[in-house]
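# Tertiary structure, described
The lines below spell out each chain.
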Amino acid sequence: MEAKIINDPIWGPIELHPLCIRIIDTPQFQRLRYIKQLGGISLVYPGACHCRFEHSIGTSYLARSLGLELQKNLAMLDEPNKPDITDKEILCLEVAGLCHDLGHGPFSHLFDQLFIPKFKKPGDQKAWEHEDATLNMLNSIFKNITWNDYLEDEDIEFIKNLIKKPDEKEQKNPSLNEKPDEKEQKKPSLNEKTDEKEQKKHFLYEIIANGLNKIDVDKWDYFSRDCHMLGLHHNFQCKRSIKLARVVKHGKEWHISYPKSEYYNLFDMFYTRYTLYRQAYHHPVAKAVEMMITDAFVKANKCLLFPPNKQRYQTCYLKHLSKNTYDFFGRKLEVEICWDCIKNLARVF
């Protein structure tokens, strides 16, 4: 399979690696075409109809661009014991950027921030996050596509850690169901290699999801894309930040840093974020719409199942119909309501 070029309205022509094309062709990734990037905001801003599909491709492009720029600058850096970036790590960044939003539910953050908390049990300590579903879908994808011609097992683990770092408690306290000899066999194979990479190349984990200062390619894409689709002006130039980014040693760790001349551009980035939250993300009408959509999901949760349960559906929706009426058009209702709702609104897993 050869690389393909697509034309993105924000970044122009984007060349996709053959492995990325295999991932895009899977059902798990294609479902992102039906997940709106901004949830119910499109009912306030009619132009905000873009989806997670194009945002994921844009994030993949920016992750690769920043990785290549850092790779070039590190090669020219004259310093002993400096880190490097391999071509395989560049591909891992590209794949991680492509797959980082796989687990989003209907209407994006509406699902995990408004709908899921309504069903949280009192004893649940850890809230469900879309990154959890992302990792599950990523496992499913790599079980069904050919990837070992480009990556190895530790690369898959590295991609997962780029999307979401495992909790320290989960690393230090393995499952009690595992036998001692099983624990010893698992540690050297993948975990030690990824832990070593995180210690030596901590800056790689600041590209997709930067927990240190929130400056990462995920935000760069959705800031630019959301402003474009909402019709809002912004001054932030992420391509300038990519060109000026450097890997600098701070104490014992290496981090992505920017020169003083980039301060005002990064200020514009955070001001763009403030503007988006003030004018769009927290728009009072949009929030009211999302609350109503959430209420509809809560009521539909009793009857819309995965896969659909015919008997329960008939009990909930068709109990008010007489037998003759149901025989006449009940089947048509069943097909239209169940199929359209599940296909267009409730594509979660």
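The rules behind each value
Residues numbered from 1 in each chain as written. Predicted model: local features only at pLDDT ≥ 70, side-chain atom pairs only at ≥ 80, totals over all residues. Heavy atoms only, no water. pLDDT = per-residue confidence, 0-100. Contact = heavy atoms within 4.5 Å. Pairing = 2+ DSSP bridges. Helix = DSSP H or I, 4+ residues; strand = E, 2+ residues; numbered from the N terminus. 1 Å grid on protein atoms, 1.4 Å probe; cavity = no way out; pocket = protein on both sides within 12 Å on 5 of 7 lines; lining within 4 Å. Points joined across faces, edges and corners; volume = space filled by probe spheres on them. Nonpolar A, V, L, I, M, F, W, Y, C, P; charged D, E, K, R; others polar. Axes fitted to C-alpha atoms, helices over the stretch in contact; angles between N-to-C directions. Parallel < 35°, antiparallel > 145°, perpendicular 65-115°, else oblique. Left-handed = near helix turned anticlockwise from the far one by under 90°.

### Here we look at the confidence of the model for the protein
With 77% of its residues at a pLDDT of at least 70, the protein reaches an overall mean of 82. Between residues 168-187, whose pLDDT stays under 50, and residues either more than four places distant or in other chains, the model counts 9 contacts. Contacts of residues 317-349 to residues separated by more than four positions or lying in other chains number 51 contacts, the stretch itself having pLDDT below 50.

### Some words on the pairing of strand β3 (residues 246-250)
Two faces, one strand: in a regular strand the side chains alternate between the faces of the sheet. Alignment of β3 against strand β4 (residues 253-257), held across 5 bridges, turns out to be antiparallel. Across the sheet, V248 pairs through a bridge with H255, a residue of β4.

### Structural notes on the layout of surface pockets
By volume, the largest pocket amounts to about 1100 Å³. Lining the largest pocket are 45 residues, with H109, H130, E131, D218 and Y222 positioned closest to its centre. Of all the elements, helix α5 (residues 109-115) adds the most residues to the lining of the largest pocket, at 5 residues. Of the residues belonging to the lining of the largest pocket, the class tally is 15 nonpolar, 14 polar and 16 charged.

### Notes on the packing of helix α6 (residues 130-144) against helix α7 (residues 153-163)
For any two helices packed against each other, the geometry comes down to the angle between their axes and how far apart the axes lie. Remark: α6 packs on α7, axes separated minimally by 10 Å, with the N-to-C direction vectors making an angle of 160°. Here α7 runs roughly antiparallel to α6, going by the angle between their axes. In the packing of α6 onto α7, the handedness of the crossing is right-handed. Within the contact between the two elements, α6 uses E131, T134, L135, L138, N139 and F142 and α7 uses I156, I159, K160 and I163.

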